[in-house]
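Fold and geometry: a report
So the chains spell out like this:
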Amino acid sequence: MSNKKIKILLLTWEMLPIYAGGLGVLARSVVEELRKQGAEVVVALPHIPKFIKIDDCISLEKAIQKYYKQKPTIPNLDFHLEFFKKSNRPAGPNWPKLFQQDTALKKTSYNLYPNNTPAITRSFAFAVLDCLKKNPDFDIVIGMDWETIPTMKLMKETGLKTPFAFYINGTEYDRNLDNNKLDNATKTIWGLEKKYYNQADFLICVSDLTKNILISKFDVEPEKITTVFNDVDFKPGKKGLQFISKNKTILFIGRISAQKGLFFLIDTMAKVVKIDSEIKLIIAGDGELVSTVMEKVCELELENNIIFTGWLSETEKKKIYKNASLFLMPSPSEPFGLTPLESISSGLAVISSENCGFLGVIPSTPTFKYYDTEDFSRIILYYLNNREKLQELIQKQSLELSKHSWSKEIGKILTAIKKLKNNL
Amino acid sequence: MKEAFAATVKFNVLEVYNLNSPIFTIENPQTGFFQEGETNKLFKKLAKKLYIPTLELFLNQEITLNIIVSGNFLEKAAALSPKLINLLKKLISQNLIVLAADGYYGEDYSSVYNSSWWSSSLVRTIDKIKEVLKIDTKFVYLPQLFRNLELERLLEQKKIKHFLLRQKGKKFSKLQSSLSELRRFNGKTVSWINSENDLNCHFNFIPDNLFFNINGNYLQPDLIQASKTFALAVAFNASEYEIKKDTKKLRTATKTLRINEKPVLNLFGHLEKATFRLWEYALRLVLNKYHLEVNEKVSELLDDCCRLQNSDFLMYLDKSNYFLGKNVDNFSSPFEAFVFMQSKVKQVEIIIRNGLV
């Protein structure tokens, strides 16, 4: 292979500043590091909200709208889902209304995953194909998560020679471990992932945990998978919120969804509060389960110990990391988890369930089994009551984080691309 | 002395809250709880579309009923809607209504555990009735029966002997009883009532089907239509009762009435119960401070705290109200209302703990 720049087309539904969760943060970090290491990366998104300025991405919205009307089909794609089912859950808080002081947030209210997302993924595939026909010199197309599966299938069906790799930030399996009733959309996407992930030329995943899931649950050949441990470009804040006492405050930041283990966390909190009623948990974030989680908090009479902040801006998030003594990761399965790294960067120690991908980078993290509320509550109380041990823990975690090299991790992607090109 | 009617309509000011994100609230604890300007705007709108049309129908149809008013309601009406005050005056002069005083900010959950605040709040309303409507108050609305002390105070100060209470069921009943005859829920008497300060009181128990909160119509999509439906429903129930009352014997409650000393919360959902606990917590914090040092700021905080605990807030926590599909001025889901109240209680806690009053 010559020394010419590797040219990558990256397909994603999110990329900072357009984001709904970790995917947007990851996409931004990956792209910036790839560019730093000399790759030429073009990022294609299905939609860029008008009020967001983003110079380094292209929107395929116009082409998507054209194909959405035409409804062309992708040969041999076993994917009949058009719409997510409307949620029966009661509406949660209307955060933009509660945030009315923050007019910026009001303007930035958008939905990246509307109900017709499954249908959009197919139109997106045709839009990408047009793009590739006009610019055939990409060395590889990298698709983030399941939304890009139809694109991969269309490329293969039309005989395009450009290789395709998936970058797996999370699977439907991870997203539904805490969900005892799988809906039709979930089952369909899960089936799609199982059928098509292995058809890619290679896969990148964010942790060994995800690698194992891809092998065991999605039948992907192990040699096709490269683990690229996540990292986050995060500059911690200097000051916390003025009026919150740090000592007995613990923190959860994340999407309030089934994947995050919120009910497990609340049951644990009920045990913690029985022993020390002054402990407060801040739940920062929004999500489809927020109303159900709130009801549960009220039912267990924890309304004075569990505080909901809603979605936080970057500045607010940086502040709130400074207001707690312990950060909690209660997920039943978390492909990686960027918030623990942000937390450690901010000087806040983390404890986690055993099923979190970031443990590959921060192995000294105290862990508990998901569903073991006894053990989880014991660890919380232990660290809140042993300041020296807490200090030791954050020192260890900070040291491990300092050894983690994002450039080395991203280097693995470029190596994998080069290897693939050489084999072609 | 005029007797109470059976049908009862409650009037109070519907507050517009200062909605901020929880983080903003925590960082700026001295931001106000209410939007006074917006509350006035809403009052004007409700007066025009709901309160006045309803009272006009009562006047035109000569419907007899009890009207419960808060002091704040009369103050706003006097300042913003003279027509509303004139209507009330007409209804009173034509003996169509019995006016009963509510707490100054309406039915206030803090009254359950802060008796001194509640009685002083009632006295403020009684004074406001005198100022605005030029009449002496004879009836007072009790959110619940108390352990006598508050009644006694009121009786002493304002010579009130007649009370309206709300009760479950469909039967209107009356009870004439001395304070010493009231029983605690466990059946025992209240020992501190001696013969010297024992007094005769008249309790009127208004059943649910005859008790109406006019602000409950606020969540209806069409206010004018809602006011018509509401006024007709009140008129129908009131007239039906008045027609039938002569044919059936008025139920008289037992003489030894037992008093629930704790609020009965069984019928409320988790969000409501949690909100009650939060209110109680906030009020305890403020009262602690209030008893340590009384200054203007603490009094204002106590005032705001009680104003926050208005029973009208409960309609925002009722999920069924949102099925009407109307985005109300304050909240668009019960969860949003809950988060709002949780952050306001946190705000009170921060103010107290950080000595900001």
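Residues numbered from 1 in each chain as written. Chains lettered and ligands numbered in written order. Predicted model: local features only at pLDDT ≥ 70, side-chain atom pairs only at ≥ 80, totals over all residues. Heavy atoms only, no water.

**A look at the interface of chain A and chain B**
Test applied: Should any heavy atoms of two residues lie within 4.5 Å, those residues are counted as being in contact. Accessible surface is computed with a 1.4 Å probe, and the buried area is the amount of it that two parts give up when combined, taken over both parts together. The salt bridge definition used is simple: a Lys or Arg side-chain nitrogen within 4 Å of an Asp or Glu carboxyl oxygen. Under this definition, polar contacts are N or O atom pairs within 3.5 Å; protein pairs additionally need one hydrogen-donor-capable and one acceptor-capable atom, and for neighbouring residues in sequence, both atoms have to be side-chain atoms. To qualify as a helix, a DSSP run of H or I must reach at least 4 residues; to qualify as a strand, a run of E must reach at least 2; elements of each kind are numbered from the N terminus.
The interface is formed by 31 residues belonging to chain A together with 35 residues belonging to chain B. In total, chain A and chain B occlude about 3000 Å² of area from one another, counting both sides; carbon and sulfur atoms represent 63% of this. On the chain A side of the contact with chain B, Leu98(A), Phe243(A) and Glu303(A) bury the most area, a combined 24% of that side's loss. For the interface between chain A and chain B, the tally reads 5 salt bridges. A salt bridge links Glu27(B) to Lys319(A); the nearest nitrogen and oxygen atoms lie 2.7 Å apart. Applying the counting criterion to the chain A and chain B interface returns 7 residue pairs in polar contact (both at pLDDT 80 or more). Broken down by secondary-structure element, the contributors of at least two residues to the side of chain A that touches chain B are helix 3 (95-98), helix 11 (290-299), strand 10 (306-310) and helix 12 (314-321) of chain A. Per-element accounting of the side of chain A that touches chain B gives the leading share, 5 residues, to helix 11 of chain A.

**A look at the confidence of the model for chain B**
Counted only if it meets this: Values of pLDDT, which run from 0 to 100, indicate the predictor's confidence residue by residue.
Confidence along chain B averages 86 in pLDDT terms, with 87% of residues attaining 70 or more. Confidence metrics for the complex model read pTM 0.88 and ipTM 0.88.

**Details of the sheet that holds strand 12 (residues 349-353) of chain A**
Residues and elements named next belong to chain A. Definition in use: Here a strand pair is declared whenever DSSP counts at least two bridges between the two strands. Here an axis means a line fitted to C-alpha atoms, over the contact stretch when the element is a helix, while the angle between two N-to-C directions is reported on a 0 to 180 degree scale.
Strands sit in the order 10-9-8-11-12-13 across an open sheet of 6 strands; the sheet is parallel. The sheet is open, and its two edges are formed by strand 10 and strand 13 (367-368), each paired on a single side. Relative to strand 11 (residues 326-329), strand 8 (residues 249-253) is paired through 2 bridges, and the arrangement is parallel. Residue pairing across strands places Ile250 opposite Leu326, the latter belonging to strand 11. Contacting strand 8, strand 9 (280-284), strand 10 and strand 11, helix 12 crosses the sheet at an angle of about 145° to strand 8.

**A closer look at the packing of aromatic side chains**
Applied cut-off: Note on aromatic contacts: the rings of Phe and Tyr and the six-membered ring of Trp form a pair at centre separations within 6.5 Å, being stacked when their planes are under 30 degrees apart, edge-to-face when over 60 apart, and tilted otherwise. The rule is simple: take the accessible area with a 1.4 Å probe, protein chains only, and divide by the maximum for that residue type; under 20% is buried, over 50% is exposed, in between is partly exposed. We count a charge as sitting over a ring when the NZ of a lysine or the CZ of an arginine lies within 6 Å of the ring centre and within 35 degrees of the ring normal.
If you walk through the whole model with that rule in mind, you get 44 aromatic pairs over all chains. Aromatic pair Phe33(B) and Phe34(B): ring centres 6.4 Å apart, planes at 55°, arrangement tilted. Note on Phe268(B) and Phe276(B): the rings are 4.9 Å apart at their centroids and 85° apart in plane angle, and the pair reads as edge-to-face. Using a relative accessible area of 30% as the deciding quantity, one classes Phe268(B) as partly exposed. Under the relative-accessibility criterion, Phe276(B) is labelled buried at 4%. Three or more aromatic residues joined by ring pairs make a cluster, and in this case those are Tyr17(B), Phe33(B), Phe34(B), Tyr109(B), Phe268(B), Phe276(B), Trp279(B), Phe313(B), Tyr316(B), Phe331(B) and Phe340(B). The aromatic ring of Phe234(A) is capped on one face by Lys318(A), whose charged end is 5.6 Å from the ring centroid.

**Some thoughts on unusual backbone geometry**
With an omega of 10°, the peptide bond running from Leu16(A) to Pro17(A) counts as cis. Unlike most non-glycine residues, Asp219(A) shows phi in positive territory, near 55°. Mapped onto the fold, Asp219(A) is located in the loop between helix 9 (208-218) and strand 7 (225-227). At Lys159(B), a position not held by glycine, the phi torsion is positive, near 55°. In this structure, Lys159(B) sits in the loop between helix 6 (149-158) and strand 5 (162-167).

**Some remarks on the sheet that holds strand 7 of chain A**
The strands making up a sheet associate through backbone hydrogen bonding, with each pair oriented either parallel or antiparallel. Residue and element names in this part refer to chain A. Taken together, the 7 strands give an open sheet; going across it, the order is 3-2-1-4-5-6-7, and neighbouring strands pair in parallel fashion. At either margin of the open sheet sits one strand with a lone partner, and together these are strand 3 (57-59) and strand 7. Strand-to-strand twist of the sheet, defined as the mean angle between neighbouring strand axes without regard to direction, takes the value 25°. In this sheet, strand 2 (residues 40-45) lies alongside strand 1 (residues 7-11) in parallel orientation, the contact comprising 5 bridges. In the sheet register, Ile8 faces strand 2, and the bridge partner there is Val41.

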